[in-house]
Amino acid sequence: MDFRWEIISEYLPFFMRGLGYTILASLIGFLIGALIGLVIGMGKSLSNPILRLPFIWYVNIFRGTPLLVQIFLIHFAVMPIFIKPPEPLISLIVALALNSAAYIAEIFRAGINSIDKGQREAAYSLGMSHAQVLRHVVLPQAFKRMIPPLGNEFIVLVKDSSLGAVIAAPELFYWGRVAVGAYSRVWEPYLAVAVLYFVVCLVLSYVQSFLERKYATDDQRKKPKKNLRRTRGTAGH
Amino acid sequence: MISVKNLKKTFGELEVLRDINVEIKEKEVVVVIGPSGSGKSTFIRCLNRIEDITDGHVYIEGTDISNKKVNINKVRTDVGMVFQQFNLFPHKTVLENIMLSPMVVRKWKKKDAEEKALALLRKVGLEDKAGVYPESLSGGQKQRVAIARALCMEPKVMLFDEPTSALDPEMVGEVLEVMKQLAQEGMTMIVVTHEMGFAREVGDRVLFMDGGYIVEEAKPDDIFSNPKEERTKAFLSKVL
Ligand SMILES: Nc1ncnc2c1ncn2[C@@H]1O[C@H](COP(=O)(O)OP(=O)(O)OP(=O)(O)O)[C@@H](O)[C@H]1O
Ligand SMILES: [Mg+2]
């Protein structure tokens, strides 16, 4: 089998632009997702069970349905209410944000719950208010424990953003499919795309372990581990 | 200075404190003893409302902290507490552990807080550890830092819940020494402990708790050499 390098070199500018959109969509989706996730994580910890319910079900619904289905619903059903015609890239970002919010909410909650109750008791016994305890004692420790799962979530999101291709969001995989259509060749474009995703995720996992080491003070100096694996639970697609 | 009236505490169905009444005067060192599960920790934790009070009253310098409207954070600044498990903040250095609360709660300037913290570290014999993280300390050192941290708020009373129970035997002495010094300086202290030697030497009064009640209270010498209640006798015969 001959491998036609010129296909890759010809489409490389498009791939690079697609990669730019991939990173942009993932990053904005992740940041918005983190904000929504913070609210939902706090909502899920409310003591009133009725007020807590919508937050619990938000997480259940977004984790319990395929991201691909969410993207279709958002792009073809929800977004046309606001933008006509719907803009694929925006739809993709919205879907990634709403979806990752469900996972990030759980990461925040687990991180905060993982802090030993004695830490809070000691802080309260010193006269600190709820807000001071959170700000100075709980969150700084919880944040460190959140870095690895947040990093994993971002890496997952970068890969999942490839689903945007099916609604023609001009991200990396979309351009791979365009190249396949143009040349009727599958190996070259898809392999090139795969390598680009791989490089990005590899770099991200190094950034993740760097951050982990940077913020690991003496209470938890573990060996950081690289993680390209999908660590999510139920949402299959 | 502390007055406890008809204090009751339940966890669901479980009645842990049934009817506790006690008065603690300024500069008094009160030692609480009793079998495991008798409610000693629960009692001492009700004194700064780390544990919610089910019923009855706890007055700290006249303020009834069982009243939900009381600003409990304000009261807690005057009531230091030392825990069995130290509970130092692992993300902060020894010095930062001690300075944190004076700065954020009492709004001291950094310089003043640091000065006071270093003086306290000197007092507990750990001035050379100011810059290290708690992880690198031994148990006895951690507990001495925890005591310094509580003292930096300049509390009027100190609560100790089994401060030496998590320590290796060779480190118990250094912590008790610091506590003894504190007592000599006139600090009001309530100490839950199994260290009968400390109770005898430093305590002004011993409370024996069992089954959610204070079964007997007396001067250390009296209670150890001449216990009145059967349950006290049975307990002391096991531990002495
Ligand atoms: N948060 C809680 N929820 C339910 N039960 C509790 C809780 N804390 C304590 N208890 C129960 O209350 C009883 C008294 O506990 P407490 O810790 O006050 O005893 P203690 O005298 O300090 O014992 P020890 O010497 O073992 O420390 C025990 O039966 C314990 O299981
Ligand atoms: Mg106890």
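Residues numbered from 1 in each chain as written. Chains lettered and ligands numbered in written order. Predicted model: local features only at pLDDT ≥ 70, side-chain atom pairs only at ≥ 80, totals over all residues. Heavy atoms only, no water.

**Q** For the site of ligand 1, give the residues involved together with the corresponding values.
**A** All names here are of chain B. Taken together, Phe11, Leu14, Val16, Pro35, Ser36, Gly37, Ser38, Gly39, Lys40, Ser41, Thr42 and Glu162 make up the full set of residues adjacent to ligand 1. In this structure, Ser36 approaches ligand 1 through a side-chain N or O atom, which is 2.6 Å from an oxygen atom. A distance of 3.2 Å separates an oxygen atom of ligand 1 from a polar atom in the backbone of Ser38. Protein chains shield 59% of the accessible area of ligand 1, which is 640 Å² for the free molecule. (Near = heavy atom within 4 Å. Polar contact = N/O pair within 3.5 Å; in protein donor to acceptor, adjacent residues only side chain to side chain. Areas by Shrake-Rupley, 256 points an atom, 1.4 Å probe, with all protein chains shown as cover.)

**Q** Hey, could you go over a nonpolar patch on the surface for me, with residue numbers and the actual values?
**A** Residue and element names in this part refer to chain A. A cluster of nonpolar side chains, Phe143, Val195, Phe198, Val199, Val203, Val207, Phe210, Leu211 and Tyr215, forms an exposed patch at the surface whose accessible area comes to about 780 Å². Element by element, the count of residues in the nonpolar patch is highest for helix H8 (residues 187-215), at eight residues. By the secondary structure assignment, Val203 is in helix H8. (Patch = residues over 30% accessible without salt bridge, like charges linked within 9 Å, V, L, I, M, F, W, Y side chains within 5 Å. Salt bridge = Lys/Arg side-chain N within 4 Å of Asp/Glu carboxyl O. Helix = DSSP H or I, 4+ residues; strand = E, 2+ residues; numbered from the N terminus.)

**Q** So what's going on with the UniProt feature "transmembrane region" (unreviewed entry) in chain A? Residues and values would help.
**A** Residue and element names in this part refer to chain A. As recorded in UniProt, the sites labelled "transmembrane region" (unreviewed entry) are residues 20-43, 55-83, 89-108 and 187-207. In this annotation, residues 20-43 is assigned 100% helix and 0% strand; the end-to-end C-alpha distance for the span is 34 Å. Helix makes up 100% of residues 89-108 and strand 0%, with an end-to-end C-alpha separation of 27 Å. (UniProt positions renumbered as here; feature names shortened; annotations may be inferred.)

**Q** A description of the sheet that holds strand E5 (residues 63-64) of chain B should follow, citing residues and the corresponding values.
**A** Residues and elements named next belong to chain B. Pairing in this open sheet of four strands is antiparallel, and the strands run E2-E1-E4-E5 from one edge to the other. The open sheet has two free edges, formed respectively by strand E2 (14-24) and E5, since each of these has just one partner strand. As paired strands, strand E1 (residues 2-11) and E2 are joined by seven bridges and run antiparallel to one another. Bridge assignment links Ser3 to a residue of E2, and that residue is Glu23. (Pairing = 2+ DSSP bridges.)

**Q** Summarise the side chain of Gln132(A); cite the residues concerned and give the values.
**A** Note that Gln132(A) resides in helix H6 (residues 130-160). The buried category is assigned to Gln132(A), whose relative accessible area is 18%. There is a polar contact of 2.9 Å between the side chain of Gln132(A) and the backbone nitrogen of Ser129(A). For Gln132(A), the contacting residues outside a window of four places in its chain are Gly127(A), Val137(A), Val104(B), Val105(B) and Lys107(B). (Buried < 20%, exposed > 50% of the residue type's maximum accessible area, 1.4 Å probe, protein only. Contact = heavy atoms within 4.5 Å.)

**Q** Tell me about the interface of chain B and chain A, and name the residues and values.
**A** Accessible area lost during the coming together of the parts is what is often quoted as the interface size. The interface of chain B with chain A comprises 25 residues on the first partner and 21 residues on the second. Overall, the association of chain B and chain A removes approximately 2000 Å² of surface from exposure, summing both partners, and the carbon and sulfur fraction of that is 59%. When residues of chain B are sorted by the area they lose upon contact with chain A, Phe89(B), Pro90(B) and His91(B) head the list and together hold 26% of the total. Between the two partners, chain B and chain A, sit seven residue pairs in polar contact (both at pLDDT 80 or more). Of all the secondary structure elements, the ones that give two or more residues to the side of chain B that touches chain A are helix H2 (72-76), strand E6 (79-82), helix H3 (94-104) and helix H5 (139-151) of chain B. Counted by class, the side of chain B that touches chain A contains 13 nonpolar, six polar and six charged residues. (Buried area = accessible area lost by both parts, 1.4 Å probe. Nonpolar A, V, L, I, M, F, W, Y, C, P; charged D, E, K, R; others polar.)

**Q** Outline the layout of surface pockets, supporting the account with residue identities and numerical values.
**A** All names here are of chain A. Taken as a whole, the largest pocket encloses approximately 500 Å³ of empty space. Taken together, 17 residues make up the lining of the largest pocket; nearest its centre are Met42, Ile112, Leu134, Val138 and Leu139. Those elements giving two or more residues to the lining of the largest pocket turn out to be helix H1 (5-44), helix H4 (88-113), helix H5 (117-125) and H6. Here the lining of the largest pocket takes seven residues from H6, the largest share from any one element. Of the residues in the lining of the largest pocket, the class split is eleven nonpolar, four polar and two charged. (1 Å grid on protein atoms, 1.4 Å probe; cavity = no way out; pocket = protein on both sides within 12 Å on 5 of 7 lines; lining within 4 Å. Points joined across faces, edges and corners; volume = space filled by probe spheres on them.)

**Q** Tell me about the nonpolar core, and name the residues and values.
**A** Core analysis: the biggest nonpolar cluster contains 85 residues, and Phe15(A), Met128(A), Val4(B), Leu7(B), Phe43(B) and Leu47(B) have the highest contact counts within it. Take this core: its biggest share by element is ten residues, from H6(A). Setting aside its immediate chain neighbours within four residues, Phe43(B) contacts Val4(B), Leu7(B), Leu17(B), Ile20(B), Val22(B), Val32(B), Leu207(B) and Met209(B). (Core = buried A, V, L, I, M, F, W, Y, C linked by side-chain atoms within 4.5 Å.)

**Q** A description of the confidence of the model for chain A should follow, citing residues and the corresponding values.
**A** Residues and elements named next belong to chain A. Averaged over every residue, the pLDDT of chain A is 90; residues scoring 70 or more account for 91%. In the predicted structure, residues 218-231 sits below a pLDDT of 50 and forms 29 contacts with residues beyond four places in sequence or in another chain. Across residues 233-237, confidence stays below pLDDT 50; counting only partners more than four residues off in sequence or on other chains, it has 13 contacts. (pLDDT = per-residue confidence, 0-100.)

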